[in-house]
Amino acid sequence: MNKSTSKSLFDNAKKHIPGGVNSPVRAFKAVGGEPLFIAAAKGAYMYDVDGNRFIDMINSWGPMVLGHTHEKIEKAVEKAIKTSLSFGAPSAAEVEIAELICSMMPSIEKVRMVNSGTEATMSAIRVARGFTGRDKIIKMEGCYHGHGDSFLIAAGSGAITMGTPDSPGVTEGTAKDTLLAPYNNLTVVQELINNNKDEIAAIILEPVAGNMGCVLPKEGYLEGLRNLCDAHGIILIFDEVMTGFRLAKGGAQERFGVTPDLTTMGKIIGGGMPVGAYGGKQEIMDFVSPQGPVYQAGTLSGNPIAMAAGLAMLHELNDNPSIYEQLEKTTTKLVAGYKKSLDELELDYTINQVGSMYSLFFTKEKVTDFESAKTCDTELFGKYFNEMLERGIYLAPSQYETLFVSTAITDELADEIINANHEALKVVGG
Ligand code: HOZ
């Protein structure tokens, strides 16, 4: 595969951008090799600057649930661009999208737009602290909630990949307010609550973890957290940046039937554009300025282009519920195809799947938390990633990420992916 233009761009990028990339996982450090620079994407495909074509299995880390440059979203953006690129003042689209989000996610009575998932989680925690008058939060090991200081403690995603789950630069004072529990472990959460009586403002987690690979909540886990929060006056926050509007219209909370107090959302509500949001119960959200005392603001919040893209995306999902069945069917087919190859080649593996999210872990352990995720053979994953890339399949460049299927993956493309997967596995493990 010709990578010469990507290579020279990367050489140049390293002179002016830390590590040559604007987000660490993209540097391909966890898989060996150098990043490809992307020139365009349409439907199921991404094209790099050297003219190579890939079936995209990341879909901008989730939001491109309808594939890239969906016609309706593209048209909505074209129309909005003619009005302005930014108002910094209220617009009708903000009202419409807020109403739509509240109707799709029933636990959300009021919602505030921000510009990224990181902003959403930082703001949600501040509101939870302001509302309860408490400082501490409980976070689950291996969950990733963006790069806010409070969350860079045993953090997943690029923080694991780069070996900095506890980042330098986070003060001891901040770190001591973040208490940790293993994912899927209610006993430790109960102990933390007992040992920090009336001090815990919030429990935050990804209801399906996507940043240590895809890890599902065990039966009763989310319900157990809900009960503990109710019993102790703690705010339950679901980080649905990945799962929101993807696992169901109403996200993981609809799929698993557990209602959080606050929800954080990300790029999918901007149709892939830089957007985030947090929302939840009215009595909590009314603590946000200017209604209440908790300050949070932003000129770009509710940006008209992002709102137009988000509205087009959410309307499409809201009006076509069969999309979710289609996504799950395709993903289940992929997973079945993978399993057949892995069994045939007698490789150690675990595959976790929920709806259109899945991960292939190179370990024979069940992956239910950060500890079990760490039993994976990451070296083997790196080889497998590169073999898949050679065969035109673009995976997330780390064992500790999730793959996201889009509606643009047809039955034929699914077969192509399964075949490529078989060939790649034969090379690395056969
Ligand atoms: N932290 C993101 C995935 N969990 C990756 C962000 C990016 O590189 O775009």
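Chains are numbered independently. Their residues run from 1 in the order of the written sequence. Side-chain atom pairs in this predicted model are given and counted only at pLDDT of 80 or more, local residue features only at pLDDT of at least 70, and totals for whole chains, interfaces and linings cover all residues. Remark: hydrogens and water are excluded; side-chain values derive from all non-hydrogen atoms of the structure.

### Examining the layout of surface pockets
Only protein atoms enter the calculation, which uses a 1 Å grid: trapped sets of points that fit a 1.4 Å probe without letting it out are cavities, open sets showing protein on both sides within 12 Å along at least five of seven lines are pockets, and any residue with an atom within 4 Å of a point is a lining residue. Grid points are joined across faces, edges and corners, and a volume is the space filled by probe spheres set on the points. In this model, the second largest pocket occupies a volume close to 450 Å³. Secondary structure counts use DSSP, requiring at least four H or I residues in a row for a helix and at least two E residues in a row for a strand, with both numbered from the N terminus. At the level of secondary structure, the elements contributing two or more residues to the lining of the second largest pocket comprise α3 (92-104) and β4 (110-114). Looking at the lining of the second largest pocket residue by residue, the classes come out as 12 nonpolar, nine polar and two charged. As a working rule, the residues Ala, Val, Leu, Ile, Met, Phe, Trp, Tyr, Cys and Pro are called nonpolar, Asp, Glu, Lys and Arg charged, and the rest polar, with Gly in that last group.

### As for the site of the ligand
Summary of the distance rule: residues count as near a molecule or strand when at least one heavy atom falls within 4 Å of that molecule or strand. The immediate surroundings of the ligand are formed by S23, R26, W61, Y144, S157, N211, M242 and E401. Here a polar contact is taken to be a pair of N or O atoms separated by no more than 3.5 Å, where protein atoms must pair a possible hydrogen donor with a possible acceptor and residues adjacent in sequence count only if both atoms sit in side chains. For the ligand, an oxygen atom lies 2.9 Å from a polar atom in the side chain of R26. Note that a nitrogen atom of the ligand is positioned 2.9 Å from one of the side-chain N or O atoms of E401. Note on areas: Shrake-Rupley, 1.4 Å probe, and residue coverage restricted to the protein chains presented here. Starting from 290 Å² of accessible surface for the ligand in isolation, the protein chains cover 86%.

### Concerning the packing of aromatic side chains
Two aromatic rings, drawn from Phe, Tyr or Trp (for Trp, its six-membered ring), form a pair once their centres lie within 6.5 Å of each other, and the interplanar angle then sorts them: stacked below 30 degrees, edge-to-face above 60, tilted otherwise. Applying the stated criterion across every chain, the model contains 11 aromatic pairs. Seen from their ring centres, F54 and Y394 are 5.9 Å apart, and the 70° between their planes marks the pair as edge-to-face. In this pair, F54 is assigned in strand β3 (residues 53-56) and Y394 in strand β13 (residues 393-394), connecting sequence segments 340 residues apart. Relative accessibility decides the category of a residue: with a 1.4 Å probe and only protein chains considered, values under 20% of the type maximum give buried, values over 50% give exposed, and everything between is partly exposed. Assessed through its relative accessible area of 0%, F54 is described here as buried. Of the residues examined, Y394 reaches a relative accessible area of 8% and is grouped as buried. Put simply, the rings of F28, F54, F385 and Y394 pair up and form one aromatic cluster.

### Concerning the packing of helix α14 (residues 378-390) against helix α15 (residues 411-429)
The description of two helices packed together rests on the angle between their axes and the distance between the axes. For helices, the axis comes from a line fit to the C-alpha atoms of the stretch in contact; other axes are also lines fit to C-alpha atoms, and the angle between any two N-to-C directions lies between 0 and 180 degrees. One way to put it is that α14 packs onto α15 with a least axis distance of 9 Å and a crossing angle of 135°. Classed by the angle they form, the pair α14 and α15 counts as oblique. α14 and α15 meet at a crossing whose hand is right-handed. Residue-level inspection shows L380, K383, Y384, E387 and M388 of α14 in contact with α15, the latter providing I417, A420, N421, A424, L425, V427 and V428. A per-class count over the contact of α14 with α15 returns nine nonpolar, one polar and two charged. Relative orientations are named as follows: roughly parallel for angles under 35 degrees, roughly antiparallel for angles over 145 degrees, roughly perpendicular for angles from 65 to 115 degrees, and oblique for any other angle. Rotating anticlockwise by less than a right angle from the far helix to the near helix defines a left-handed crossing, while the corresponding clockwise rotation defines a right-handed one. We call two residues in contact when some of their heavy atoms are within 4.5 Å.

### Quick look at the pairing of strand β12 (residues 357-361)
With five of its five residues buried, β12 lies for the most part within the structure. Neither face of β12 is left uncovered, since the one carrying M357, S359 and F361 and the one carrying Y358 and L360 both have all their residues buried. Taken together, the five bridges between strand β11 (residues 350-354) and β12 define a ladder with antiparallel strand orientation. Bridging across to β12, I351 finds its partner in L360. Pairs of strands are assigned from DSSP output, requiring at least two bridges between the strands. Hairpin connection of β11 to β12: two residues between the antiparallel strands, including G355 at a positive phi of 50°. Here β12 runs beside strand β14 (residues 403-404); their pairing, made up of two bridges, is antiparallel. Looking at the pairing, Y358 lines up with L403 of β14.

### A closer look at helix α7 (residues 186-195)
Buried within α7 are the following residues: V189, L192 and I193. The arc that holds every buried residue of α7, seen down its axis, measures 100°, which confines them to one face. For α7, the exposed residues set more than 90 degrees away from the buried face come down to T187 and N195. Close packing links the buried residues of α7 with β5 (136-140), β6 (178-181), β7 (200-205) and α8 (221-232). Among the residues of α7, the N-terminal cap falls to N185, whose side-chain oxygen and the backbone nitrogen of T187 are separated by 3.0 Å. Read the arc as the range of directions from the helix axis to the C-beta atoms.

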